[in-house]
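# Tertiary structure, described
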Amino acid sequence: MLAEAVIDDRIAPSALVTGGASSIGKAVCELLSKNGYLVAVADRDEVGARAVADACGGVALPVDVADQESVVALVTRAREALDGRLDAMAIVAPGLEVAANSGDVLAFVREHARSIIGTHLCIREGAQAMERGARICAIAPPSANAAEASSSPSSALHAAIC
């Protein structure tokens, strides 16, 4: 459990970030930490999540966002680790270009479903655990190639999430 942090005589806000071990999720964790948040870094990549959490002074939590029991347990563990509060949640869906460009259609379908189901489960469970006024942000990364952004797998994912 993180020690309760006090900033300017007030309790520091807390945030849970899924997909926090790398890329956009890592940047979100770093930004939240710089702005005084206690951060729970959640990811399938437990080693990466631990490295980001250590750098941010936060806590690392393993999760498979496409598994309902894993997400329910994540939100419970995050609240416990963050002194019983969850003020913000950032759900970072993975980019799909690697799976799409590999030529493995089934891998792409699995990752696309994981992103959509994971986003849904995290929003649902997070919203139930958060107090009025807390915020949830779902982030679908942009295409790596701006010229193909409107037809990229990530753009399709963004449309599905929004």
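Preceding this paragraph is the structure being described.
Throughout what follows, the structure given in this document is the object of discussion. Source: prediction; values computed, not measured.

## Thoughts on the environment of isoleucine 11
Along the chain, the position of isoleucine 11 falls in strand β2 (residues 10-11). Residue classification places isoleucine 11 among the partly exposed positions, given a relative accessible area of 42%. The sequence separation of isoleucine 11 and leucine 38 amounts to 27 residues, and the corresponding C-alpha distance is 9.9 Å.

## Structural notes on helix α3 (residues 68-81)
Between its terminal C-alpha atoms α3 stretches 20 Å, which fits the 20 Å expected from 14 residues at 1.5 Å a residue. Close packing links the buried residues of α3 with β3 (14-18), β4 (38-43), β5 (59-62) and α5 (105-129). A positive phi of about 60° marks aspartate 83, the residue just after α3.

## Overview of the pairing of β3
Extensive coverage of β3 is indicated by the burial of five of its five residues. As paired strands, β3 and β4 are joined by five bridges and run parallel to one another. Residue serine 14 lies in a different strand from β4, and its bridge partner there is leucine 38. Handedness of the crossover joining β3 and β4 through helix α1 (residues 23-34): right-handed. With four bridges joining them, β3 and strand β6 (residues 88-92) adopt parallel strand pairing. Residue pairing in the sheet places threonine 18 in a bridge with isoleucine 91 of β6.

## Quick look at the state of the cysteines
Applying the stated rule across the entire model yields zero disulfides. With no disulfide partner, cysteine 29 has as its closest neighbouring cysteine sulfur the one in cysteine 56, 5.5 Å distant.

## A look at the nonpolar core
General note: in soluble globular proteins, nonpolar side chains tend to be found buried as a group. The biggest cluster of nonpolar side chains holds 21 residues, and the ones touching the most others in it are Leu16, Ala40, Leu61, Leu74, Leu86 and Met89. It is α3 that provides the largest number of residues to this core, a total of five residues. Excluding residues within four positions of it along the chain, alanine 40 makes contact with Ala15, Leu16, Val17, Val59, Leu61, Ala78 and Leu82. Ala21, Val39, Ala53 and Ala90 belong to the second-largest nonpolar core, a separate cluster that totals 16 residues.

## Re the sheet that holds β3
Pairing in this open sheet of five strands is parallel, and the strands run β5-β4-β3-β6-β7 from one edge to the other. Looking at which strands have only one partner, the edges of the open sheet turn out to be β5 and β7 (135-139). Taken pair by pair, the neighbouring strands of this sheet meet at an average axis angle of 15°, ignoring direction. Here α1 sits on the sheet in contact with β3, β4, β6 and β7, set at roughly 170° to β3.

## Some remarks on the packing of α3 against α5
Interhelical geometry of α3 versus α5 gives an angle of 35° and a closest axis separation of 10 Å. Of the two elements, α3 crosses α5, and the hand of that crossing is right-handed. Contacts between α3 and α5 pair Gln68, Val71, Val72, Val75 and Arg79 from the former with Leu121, Cys122, Arg124, Glu125, Gly126 and Ala129 from the latter. Here the contact of α3 with α5 is built from residues that sort into six nonpolar, two polar and three charged.

## Quick look at the pattern of salt bridges
Summed over all chains, the structure comprises six salt bridges. In this structure, aspartate 87 and arginine 85 form a salt bridge, with 3.5 Å as the shortest nitrogen-oxygen distance. Residue glutamate 111 pairs with arginine 114 through a salt bridge whose shortest N-O separation is 3.7 Å. Here arginine 114 and glutamate 111 lie together in helix α5, a separation of three residues that amounts to about one turn. Its relative accessible area of 21% is what places glutamate 111 among the partly exposed residues. Beyond isolated ion pairs, a larger network of salt bridges with shared partners links Arg44, Asp64, Glu111 and Arg114.

Rules used throughout
Residues numbered from 1 in each chain as written. Predicted model: local features only at pLDDT ≥ 70, side-chain atom pairs only at ≥ 80, totals over all residues. Heavy atoms only, no water. Helix = DSSP H or I, 4+ residues; strand = E, 2+ residues; numbered from the N terminus. Buried < 20%, exposed > 50% of the residue type's maximum accessible area, 1.4 Å probe, protein only. Expected span 1.5 Å × (residues − 1). Contact = heavy atoms within 4.5 Å. Pairing = 2+ DSSP bridges. Right-handed = clockwise from strand over helix to strand, strands pointing away. Disulfide = S-S within 2.5 Å. Core = buried A, V, L, I, M, F, W, Y, C linked by side-chain atoms within 4.5 Å. Axes fitted to C-alpha atoms, helices over the stretch in contact; angles between N-to-C directions. Left-handed = near helix turned anticlockwise from the far one by under 90°. Nonpolar A, V, L, I, M, F, W, Y, C, P; charged D, E, K, R; others polar. Salt bridge = Lys/Arg side-chain N within 4 Å of Asp/Glu carboxyl O.

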